[in-house]
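Chain by chain, the residues:
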Amino acid sequence: SASCRVHRGITQRALTMSATLDELEKQAAEKTKSLETETVHRIRITLTSRDVKALETVCANLKRGAVDKKLKVSGPVRMPTKKLRITTRKSPCGEGTNSWDRFEMRIHKRVIDLHSPSEVVKQITSIPIESGVEVEVTIADAEETTK
């Protein structure tokens, strides 16, 4: 009789555990369905700056934030540097030897591509951005993904 009580207690516990497991599996299935039907955007973040160090730190922070949220990230892709050149005479009046000054401003550009919902991008781009770095966010297209 004592072994029968123990056996009943074990089977009741097993039944309640299997019921809770079934409930958890149903909840997980609902969550994955909601995630599968969520729209995923291809988002391109373009960063431009004259200061390379500031640009690289902002890129690293953006990429770290995206990787922490487990997003699909490609980049930062280094685009060709634009060199804006101005050559001018040193002499203000035009007399004297012809000596010239050559000034140059370099504009560096980085591109980061993300595949994520737009709400997550708002969280990622809310990081502190250093002065002198311009950020442009464009959403390429929206696509329904079903895994």
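I will try to describe carefully the structure that is included in this document. As the structure is a computational prediction, the values presented were derived from the model and not from experiment.

## Structural notes on the overall build of the protein chain
Now for step 1: Per the secondary structure count, the protein chain includes 3 helices and 4 strands.
Now for step 2: When burial is assessed residue by residue, the protein chain has 19% of its 147 residues classed as buried.
Now for step 3: Restricting to contacts in the protein chain with at least 6 residues of sequence separation, those with at least 24 account for 75%.

## Quick look at the nonpolar core
Now for step 1: Counting residues in each nonpolar core, the largest one holds 16 residues, and the members touching the most others are Ile45, Leu47, Leu62, Ile112, Leu114, Ile124 and Val133.
Now for step 2: Secondary-structure elements contributing two or more residues to this core are strand E1 (39-49), helix H2 (52-68), strand E3 (100-116) and helix H3 (118-124).
Now for step 3: The dominant element in this core, judged by the number of residues it contributes, is H2, at 6 residues.
Now for step 4: Leaving out residues up to four positions away in the same chain, leucine 114 has contacts with His41, Arg42, Ile43, Ile45, Ala66, Lys72, Val73 and Val121.

## Some remarks on the environment of lysine 70
Now for step 1: Here lysine 70 lies in the loop between H2 and strand E2 (72-89).
Now for step 2: A relative accessible area of 75% means that lysine 70 is categorised as exposed.
Now for step 3: Along the sequence, lysine 70 and serine 116 sit 46 residues apart, while their C-alpha atoms lie 9.5 Å from each other.

## Remarks on the packing of aromatic side chains
Now for step 1: In the structure shown here, the tally under the stated rule is 0 aromatic pairs.
Now for step 2: Geometry around tryptophan 100 places arginine 89 over its ring, the cationic atom sitting 5.9 Å from the centre.

## Section: the side chain of arginine 110
Now for step 1: Inspection of the secondary structure puts arginine 110 in strand E3.
Now for step 2: Relative accessible area serves as the criterion here: at 6%, arginine 110 is assigned to the buried category.
Now for step 3: For arginine 110, the side chain forms a polar contact with the side chain of glutamate 56, separated by 2.8 Å.
Now for step 4: Filtering out sequence-adjacent residues up to four positions away, arginine 110 remains in contact with Ile45, Thr46, Leu47, Val52, Leu55, Glu56, Cys59, Pro76, Val77 and Arg78.

## Examining the pattern of salt bridges
Now for step 1: Applying the stated rule across the entire model yields 5 salt bridges.
Now for step 2: The shortest N-O distance in the salt bridge between glutamate 104 and arginine 85 comes to 3.0 Å. Highlighted residues: glutamate 104 in strand E3 and arginine 85 in strand E2, separated in sequence by 19 residues.
Now for step 3: For arginine 85, a relative accessible area of 59% puts it in the exposed group.
Now for step 4: In this structure, a network of salt bridges that share partners links the residues Glu56, Arg78 and Arg110.

Rules used throughout
Residues numbered from 1 in each chain as written. Predicted model: local features only at pLDDT ≥ 70, side-chain atom pairs only at ≥ 80, totals over all residues. Heavy atoms only, no water. Helix = DSSP H or I, 4+ residues; strand = E, 2+ residues; numbered from the N terminus. Buried < 20%, exposed > 50% of the residue type's maximum accessible area, 1.4 Å probe, protein only. Contact = heavy atoms within 4.5 Å. Core = buried A, V, L, I, M, F, W, Y, C linked by side-chain atoms within 4.5 Å. Phe/Tyr/Trp six-rings, centres within 6.5 Å; stacked < 30°, edge-to-face > 60°. Lys NZ or Arg CZ within 6 Å of the ring centre and 35° of its normal. Polar contact = N/O pair within 3.5 Å; in protein donor to acceptor, adjacent residues only side chain to side chain. Salt bridge = Lys/Arg side-chain N within 4 Å of Asp/Glu carboxyl O.

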